[in-house]
Amino acid sequence: MTDAQPGRPTENAMRRALKRARDGVALDTAEAAVLLQARGEQLRDLSASAARVRDAGLEAAGRPGVITYSKKVFIPLTRLCRDRCHYCTFVTVPGKLRREGHGMYLSPDEVVEVARQGAALGCKEALFTLGDRPEDRWPEAREWLDAHGYDDTLAYVRAMAIRVLEETGLLPHLNPGVMSWTDLQRLKPVAPSLGMMLETTATRLWSEPGGPHHGSPDKEPAVRLRVLEDAGRSNVPFTTGVLIGIGESYEERADALFQLRRIQRQYQSIQEVIVQNFRAKPDTAMRAMPDAELEELAACIAVARHILGPAARIQAPPNLVDSEYALIVGAGIDDWGGVSPLTPDHVNPERPWPHIDQLAERTRESGFELRERLTVYPEFIARGEPWLDPRLLPHVRALADPATGLAREDALPKGLPWQEPDEGFTASGRTDLHRTIDTEGRTGDRRADFDAVYGDWEALREQAAPGMVPQRIDSDVREALAQAADDPTRLSDDQALALLHADGPALDALCSLADDLRRATVGDEVTYIVTRNINFTNVCYTGCRFCAFAQRRTDADAYTLSLDQVADRAAQAWEVGATEVCMQGGIHPDLPGTAYFDIARAVKERVPGMHVHAFSPMEVVNGASRTGLSIRDWLTAAKEAGLDSIPGTAAEILDDEVRWVLTKGKLPAADWIEVVKTAHELGLRSSSTMMYGHVDQPRHWLGHFRTLAAIQRETGGFTEFVTLPFIHTNAPVYLAGIARPGPTTRDNRAVTAMARVLLHPHITNIQTSWVKLGAEGAAEMLRSGANDLGGTLMEETISRMAGSRYGSYRSIEDLRAIATLAGRPAKPRTTLYGEVPAERIAAAEASDGHLPELLPLAD
């Protein structure tokens, strides 16, 4: 569209930009905007350099001279949508569907029939396309879902993807629009790839009346960029792209491409970028808009190739290029996208697909061979875990050429069960790590895929830098101390920040104040619990950059316990006086979502009286997404299986600015909050935690404290707050030179004291960690507002793998000695801070000091 465009660039500007492109120099946004306007001979120059970049990428990928496509069927699951895009003819309204004799959604039988017909023709992809969350706008959609037993449209998408896998063998590619992080966890197990077009980053096209996306909540660019980032964090092979000619300027068009480059650089999750040209449709608000010209499309493809680089897979839909195949191939594409021998392009119904033989011939005329691929690209098949869910591997392997990762063109899909891997709970690996971590240590200081699993370290360093800048504090510390002493609940944010930065005599005064508040609130007794940690697996691909515990299944330090081993350790703990087992593990791709129920049930069957404190919010979300249950339903089932409370770990810092530096794939702060609030509503109490001293600042601690206090005011479900100082030694984010080497003693004292002050009177128990701080450090925290020492642990692997030097077990005598260092008496407690039965106290006292002899287990 020309209305939003300034005048043509000068000859000098174009000449300079073309030379930089020819020389392979990185372009900036202004230069890209100039090149987007190349036409005629300038476009031929630009395309030639882009084609060289593309050819180098194909050579590196092992398929020189190959352009790919996917043989697919198009499944328009529903044409209802809550958005109002002004150029769309795919979307309709309930009344029109009824008049045409259609339902609000395709029925399950209709979905499977289309897929069956496609499979018979050799198609291997089932492209699910649908409107965004139609039930939010149309009562008829909500009624249809309710009548058929689905909570929402995405639940129906998931169910139909499973049916297609099981009954036809086609591989689903899901395009359900905007998805939350949790939605991506729900859908990843049922589809090898997902997608959503970015379209544009021009916010004005969404925000201003008359814009093509005005009135469409799902078309806000920031929302769509968040989806792309969440897909990267979730290790989802993702398709996206730009739609050109809808009113964006050349600068805005360039910005969209640079945003895609930023996300790809950080997560390596974008499997293809579609460059699609706007085509005006009759009966739409934009019917009078001119189509994007094909030279404009070619220029955008060439610029995309230069910006995204040789490894990018760039696609143009062949039914939208008229007969200009050579122009588009020459501009730098390496893929034609999905082509169907059966179903029309429901988004562009006036544009029929070319016959595959015709497409192959036209591709050959441009000097390339046309080869069929699957919906998931070969690079992601080669990467394996964590990009493909184990339940999908049989379906993908049945259709993929093992040598190239492309499609086996002679393969006819057939239905295969979609089920959990057969391995289940089988003991494997270094199952004695809980013991030998203290004697033999870890095999190496990092896992073997260090340079790949966490994302691009340089991009992460740039992302982390703004959040690590210290904040200037102007508030008076003396005034803040006076307010804290008078009424800590009325501290302003500025005053709280001043205290979080306190040092020297001011810090001493703060710690003394916090200690007085502790004494007035919970008394002088230092509490502890006789407990055993059981980390049932350390196999994990989430990509938490602070975690040295997680291993690949093939790493030397990887292990998984059997259910019998978990139950044996719980029984052993009971024999020596424990009242609780605390159980957490990595997000192992082979463990089904019901595995957590099996773990809780195994412990309760072996030791009915044991309190099962287990499964972080991340594990809860993993279990829910893998089973297809809601968070509430999954927690309810876990409680029925024996779960008594949950640890409030996986919180780290409840600020996504920090969170997305610390972790690649862990749940967002909002989802952590949802899990703990839901648990509390169901009667499952939880602890609360904060890990600090890495890429954070005191302003992030303050926000975290405020969030926890607000939750506690609402639910009353937190039993305690646990300070977790960052252990840096083997943490990937430290080894990469990004995080600082853990908190200082000043930080530890300030955090402990301010936890007491800022969480008062809502969370009354403040726990310090002897594992991370040692005896002297823990005693100092007991003098700074803490009242609890946590547990005996009996085994502790997570902090020890990270480099903690303080062992994995403390006897009751040891914990009492720490309390004595602080000048206080000690007292045992239960998980919920109740009185410990006399029988349990006697058992613990009788075994105290002899426990290490009982720890080794015969595997």
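Residues numbered from 1 in each chain as written. Predicted model: local features only at pLDDT ≥ 70, side-chain atom pairs only at ≥ 80, totals over all residues. Heavy atoms only, no water.

When helices and strands are counted, the chain shows 35 helices and 21 strands. Here the C-alpha atoms of the chain give a radius of gyration of 29 Å, agreeing with the 29 Å that 2.2 N^0.38 yields for 859 residues. Projecting the C-alpha coordinates of the chain onto the three principal axes gives extents of approximately 85 × 60 × 55 Å. For the chain, buried positions account for 63% of its 859 residues. Taking the contacts inside the chain whose residues are at least 6 apart along the sequence as the reference set, 78% of them involve residues at least 24 apart. (Helix = DSSP H or I, 4+ residues; strand = E, 2+ residues; numbered from the N terminus. Rg over C-alpha atoms; globule rule 2.2 N^0.38 Å. Buried < 20%, exposed > 50% of the residue type's maximum accessible area, 1.4 Å probe, protein only. Contact = heavy atoms within 4.5 Å.)

Once that is clear, we can look at the pattern of salt bridges. Counted under the stated rule, the structure contains 64 salt bridges. Linking arginine 840 and glutamate 839 is a salt bridge whose minimum nitrogen-to-oxygen distance equals 2.6 Å. Arginine 840 sits in the buried class, given a relative accessible area of 4%. The class for glutamate 839 is partly exposed, based on a relative accessible area of 45%. Overlapping salt bridges bring together Arg63, Arg305, Arg313, Asp334 and Glu379 as one network. (Salt bridge = Lys/Arg side-chain N within 4 Å of Asp/Glu carboxyl O.)

The subject of this paragraph is the packing of aromatic side chains. All chains considered together, the criterion is met by 16 aromatic pairs. Between the aromatic rings of phenylalanine 536 and phenylalanine 615, the centroid separation amounts to 6.4 Å while the plane-to-plane angle is 75°, which identifies the pairing as edge-to-face. Note that phenylalanine 536 is positioned in the loop between β12 (531-535) and β13 (559-560) and phenylalanine 615 in the loop between β15 (611-614) and α25 (617-627), a separation of 79 residues in sequence. The exposure classification of phenylalanine 536 matches that of phenylalanine 615, with both residues buried. Over the face of the ring belonging to tryptophan 574 we find arginine 840, whose NZ or CZ atom lies 3.6 Å from the ring centre. (Phe/Tyr/Trp six-rings, centres within 6.5 Å; stacked < 30°, edge-to-face > 60°. Lys NZ or Arg CZ within 6 Å of the ring centre and 35° of its normal.)

Turning next to the nonpolar core. Core analysis: the biggest nonpolar cluster contains 128 residues, and Met583, Phe615, Trp672, Phe705 and Met754 have the highest contact counts within it. Counting residues per element, this core draws most heavily on helix α31 (residues 745-759), at eight residues. The contacts of methionine 754, once residues within four sequence positions are left out, are Leu491, Ala496, Leu499, Leu500, Leu510, Phe705 and Leu759. (Core = buried A, V, L, I, M, F, W, Y, C linked by side-chain atoms within 4.5 Å.)

Right, let's get into helix α32 (residues 770-782). Residue pairs spaced three or four apart in an α-helix point in one direction, given the helix's 3.6 residues per turn. Helix length check: α32, at 13 residues, gives a terminal C-alpha distance of 11 Å against a target of 18 Å (1.5 Å per residue), a shortfall beyond 12%. Where α32 bends most, at glutamate 776, the angle is about 85°. Taken together, the buried positions of α32 are Trp770, Val771, Lys772, Leu773, Gly774, Gly777, Ala778, Ala779, Met781 and Leu782. (Expected span 1.5 Å × (residues − 1). Bend = angle between axes of the 7 residues up to and from the residue.)

Our focus in this paragraph is the pairing of strand β18 (residues 718-725). With eight of its eight residues buried, β18 lies for the most part within the structure. The pairing of strand β17 (residues 685-692) with β18 spans six bridges and is classified as parallel. Each residue of the ladder has a partner; that of serine 688, found in β18, is phenylalanine 721. Chirality of the crossover, the property in question, places the unit of β17, helix α29 (residues 698-715) and β18 among those that are right-handed. Taken together, the two bridges between β18 and strand β19 (residues 766-767) define a ladder with parallel strand orientation. (Pairing = 2+ DSSP bridges. Right-handed = clockwise from strand over helix to strand, strands pointing away.)

Moving on, we get to the pairing of β15. Neither face of β15 is open: one carries His611 and His613, the other Val612 and Ala614, and all of them are buried. Two elements, strand β14 (residues 580-584) and β15, share four bridges in a ladder whose sense is parallel. Note that in β15 the partner of glutamate 580 across the bridge is histidine 611. A crossover links β14 with its parallel partner β15, the connecting element being helix α24 (residues 595-606), and its sense is right-handed.

What follows is about unusual backbone geometry. A cis amide bond links glutamate 385 with the next residue in sequence, proline 386, at an omega value of 5°. By the element assignment, proline 386 lies in the loop between α15 (378-383) and α16 (393-399). Going from histidine 760 to proline 761, the amide bond is cis rather than trans, its omega being 0°. Here proline 761 shows up in the loop between α31 and β19.

Right, let's get into the environment of lysine 604. By secondary structure assignment, the location of lysine 604 is in helix α24. Each C-alpha atom of the pair lysine 604 and alanine 567 lies 8.4 Å from the other, and the pair is 37 residues apart in sequence. Setting aside chain neighbours within four positions, we find lysine 604 in contact with Met610, His611, Val612, Ala641, Gly642 and Asp644.

With that out of the way, let us pick up the environment of valine 469. Mapped onto the elements of the fold, valine 469 is located in the loop between α19 (457-464) and α20 (477-486). Residues valine 469 and glutamine 697, 228 residues apart in the sequence, show an inter-C-alpha distance of 7.7 Å. When neighbours within four sequence positions are excluded, valine 469 is seen to be in contact with Gln697 and Arg699.

With respect to the helices, strands and loops of the structure, arginine 313 is situated in the loop between α12 (294-308) and β7 (314-315). By relative accessible area, which is 5% here, arginine 313 ends up buried. Side-chain polar atoms of arginine 313 contact the backbone oxygen of proline 310, separated by 3.2 Å. Within the structure, the side chain of arginine 313 is placed 3.2 Å from the side chain of glutamate 379, a separation counted as a polar contact. (Polar contact = N/O pair within 3.5 Å; in protein donor to acceptor, adjacent residues only side chain to side chain.)

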